[in-house]
Amino acid sequence: MIVLNNEPLGKRTTFHIGGPAGKLYIPETEAELTKKAKEIYDRDHKVYVISGGSNLLINDKREFPEVIVMSKACKEMTQLKDGTFYFGASNRIQKVISFVNKLGYGGFEELIGLPALFGGIIYMNAGIGRESAPLFTISEFIDSVKALELETGKIVTLSAEECAFGHRTSVFKNNKYIILGAQITCREVDRGDAAARIQKRREHCKKNFEYGKGCFGSCFMRFCGPLLRTISTLYKKRIFKYSGKVKFASNNANWIYNEGGGTFDDAMKLIRQCKRLHKMTFQKLECEVIIWE
Ligand SMILES: Cc1cc2nc3c(=O)[nH]c(=O)nc-3n(C[C@H](O)[C@H](O)[C@H](O)COP(=O)(O)OP(=O)(O)OC[C@H]3O[C@@H](n4cnc5c(N)ncnc54)[C@H](O)[C@@H]3O)c2cc1C
């Protein structure tokens, strides 16, 4: 297992913000991962885990004593039978898509633009489209998830139903499990069609994302669109006073960017203002980004 001391977590997230981990563990096998996670859980009852770091906003004013990085421990990729596969949680989603496409299967090609690992995709039930108009979510392909149950230290297999998937949520958000991998059943796809869907999504990302800036995708999973757009406009027109380096995206009020040198406080100021104004106007607001306060 790789152990790094005093390691800045900003380097490990796509938002590029976060204080140091006193000890950053990068287990290289599933056995190392489960042993270390159980040890931390028994002591602290909370295990901090980073996969792709693409949905994390981490406090930069504090240290996180122990953090586990998932990038190496669970790399298995196996076809179990036609269209049914097992993928370890540490595989990048791009590798998962490419693996199944080569064998004539797929169905979730549009996830190609997510800088995420398969375990993070499952935890968040990542997908494409709004709650009211979803194209798909990964849960549609999941048969079962293999996980470490932190309380008992047992390796368990949860059926799709037990995973309690919902819009950008799952049972794993209770932080009582470490996801080790999942069995999925894919659709048969024409390889040319799959490649075309990937190309189309890449073009969409190129056109809509401001590359080079820190970001974590959608900030909120439930919000009032018109209100969020108004808030973002009031910031852009400087009607709301604010001098931070985290800004609303120019073309999407639900995305905020770290323009460089932004801080956790900058991001939280924007998020808290959105929360305040939604509350004042009796609108629902729920964060999609996971915040480590
Ligand atoms: C440019 C960009 C585009 C995006 N587009 C989309 C999109 O179209 N659709 C969408 O749904 N999301 C999108 N996202 C958000 C993000 O990619 C997803 O939420 C993704 O599922 C997060 O995966 P990750 O591996 O980065 O997880 P991380 O950000 O590392 O972790 C997210 C949470 O999961 C927990 N976790 C991660 N792995 C495990 C594990 N193995 N066991 C237990 N807990 C774990 C972490 O502790 C954390 O709480 C986008 C993000 C970016 C930066």
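Each remark here, short or long, concerns the structure printed above.
Owing to the predicted nature of the structure, the values given are computational and were not obtained by experimental measurement. (Residues numbered from 1 in each chain as written. Predicted model: local features only at pLDDT ≥ 70, side-chain atom pairs only at ≥ 80, totals over all residues. Heavy atoms only, no water.)

## A short note on the pairing of strand β12 (residues 154-159)
And step 1. Bridge count for strand β11 (residues 142-149) against β12 is six bridges, and the pairing is antiparallel. The residue of β12 that forms the bridge with Glu 149 is Lys 154.
And step 2. Between β11 and β12, which follow one another and run antiparallel, lie four residues, and Gly 153 among them has a positive phi close to 80°. (Pairing = 2+ DSSP bridges. Helix = DSSP H or I, 4+ residues; strand = E, 2+ residues; numbered from the N terminus.)

## Some points on the nonpolar core
Soluble, globular proteins show a tendency: their nonpolar side chains are buried together.
And step 1. Judged by nonpolar contacts, the single largest core of 51 residues is most densely connected at Phe 108, Leu 111, Phe 118, Phe 172, Ile 178 and Ile 184.
And step 2. Setting aside anything within four residues of it in sequence, one finds Phe 108 in contact with Ile 93, Val 96, Ile 97, Val 100, Phe 136, Ile 138, Phe 141, Ile 184 and Cys 186.
And step 3. Ranked by size, the runner-up nonpolar core spans 26 residues in total, among them Phe 216, Ala 267, Leu 270 and Cys 287. (Core = buried A, V, L, I, M, F, W, Y, C linked by side-chain atoms within 4.5 Å. Buried < 20%, exposed > 50% of the residue type's maximum accessible area, 1.4 Å probe, protein only. Contact = heavy atoms within 4.5 Å.)

## Quick word on the packing of helix α5 (residues 225-236) against helix α6 (residues 264-280)
And step 1. Where α5 contacts α6, the axes come no closer than 11 Å and their chain directions differ by 130°. Here α5 is positioned oblique relative to α6, judged by the angle of their axes. The crossing of α5 and α6 is right-handed. Residue-level contacts link Leu 227, Leu 228, Ile 231 and Tyr 235 of α5 to Lys 269, Leu 270, Gln 273, Cys 274, Leu 277 and His 278 of α6.
And step 2. The residue makeup of the contact of α5 with α6, split by class, is seven nonpolar, two polar and one charged. (Axes fitted to C-alpha atoms, helices over the stretch in contact; angles between N-to-C directions. Parallel < 35°, antiparallel > 145°, perpendicular 65-115°, else oblique. Left-handed = near helix turned anticlockwise from the far one by under 90°. Nonpolar A, V, L, I, M, F, W, Y, C, P; charged D, E, K, R; others polar.)

## Examining the sheet that holds strand β7 (residues 84-88)
And step 1. Pairing is antiparallel in the open sheet, where five strands are placed in the order β6-β7-β13-β11-β12. With one partner strand each, in any of the chains shown, β6 (77-81) and β12 form the two edges of the open sheet. Pairwise comparison of adjacent strand axes, ignoring direction, gives a mean angle of 20° for this sheet.
And step 2. Pairing analysis gives seven bridges linking β11 to strand β13 (residues 177-185), with the strands arranged antiparallel. Paired with Ile 142 across the strands is Ile 184, a residue of β13.
And step 3. Its contacts with the sheet put helix α1 (residues 30-44) on β11, β12 and β13, and the angle it makes with β13 is roughly 140°.

## Some remarks on the site of the ligand
And step 1. Within the structure, the ligand sits among 32 residues, and Val 49, Ser 51, Gly 53, Ser 54 and Gly 127 are positioned closest to it.
And step 2. Separating an oxygen atom of the ligand from a backbone N or O atom of Val 49 is a distance of 2.6 Å.
And step 3. In the environment of the ligand, an oxygen atom lies 3.1 Å from a nitrogen or oxygen atom belonging to the backbone of Gly 120.
And step 4. When the free accessible area of the ligand is taken as 980 Å², the share hidden by the protein chains comes to 95%.
And step 5. Of all elements in the fold, only β3 (48-50), α3 (118-124), β9 (127-129), β13 and β15 (214-218) reach the threshold of two or more residues within the shell around the ligand. (Near = heavy atom within 4 Å. Polar contact = N/O pair within 3.5 Å; in protein donor to acceptor, adjacent residues only side chain to side chain. Areas by Shrake-Rupley, 256 points an atom, 1.4 Å probe, with all protein chains shown as cover.)

## Observations concerning the sheet that holds β3
And step 1. In spatial order, the strands read β1-β2-β5-β3; together these four strands make up an open sheet with mixed pairing. Among the strands making up the open sheet, the edge pair consists of β1 (2-8) and β3. Sheet twist, expressed as the mean angle between neighbouring strand axes with direction ignored, is 30°.
And step 2. By the bridge criterion, six bridges tie β1 to strand β2 (residues 20-26) in an arrangement that is antiparallel. When the sheet's bridge partners are listed, Asn 5 is paired in β2 with Lys 23.

## Concerning helix α4 (residues 191-208)
The periodicity of an α-helix, 3.6 residues per turn, causes residues three or four places apart in sequence to face the same way.
And step 1. Look at α4: 26 Å from first C-alpha to last across 18 residues, which is about the 26 Å you get at 1.5 Å a residue.
And step 2. Taken residue by residue, α4 has Ala 194, Ile 198, Arg 201 and Cys 205 as its buried positions. Seen end-on, α4 carries its buried residues on one side only, within an arc spanning 65°. Exposed residues on α4 whose side chains face more than 90 degrees from its buried face are Lys 200, Lys 206 and Lys 207.
And step 3. Against α2 (93-102) and β9 lie the buried residues of α4.
And step 4. For α4, the capping residue at the N-terminal end is Asp 190, with a side-chain oxygen 2.9 Å from the backbone nitrogen of Gly 192. (Expected span 1.5 Å × (residues − 1). Arc of directions from axis to C-beta.)

## Quick look at α5
And step 1. With 12 residues, α5 should reach 16 Å at 1.5 Å per residue; the first-to-last C-alpha distance of 16 Å fits that figure.
And step 2. Taken together, the buried positions of α5 are Gly 225, Leu 227, Leu 228, Ile 231, Ser 232 and Tyr 235. In a view along the axis of α5, the buried residues occupy a sector of 165°, so they form one face of it. Projecting away from the buried face of α5 at angles above 90 degrees are the exposed residues Pro 226 and Arg 229.
And step 3. On its buried side, α5 packs onto β16 (220-222), β17 (246-248) and α6.
And step 4. Positive backbone phi, approximately 60°, marks Arg 238, located one or two places after α5.

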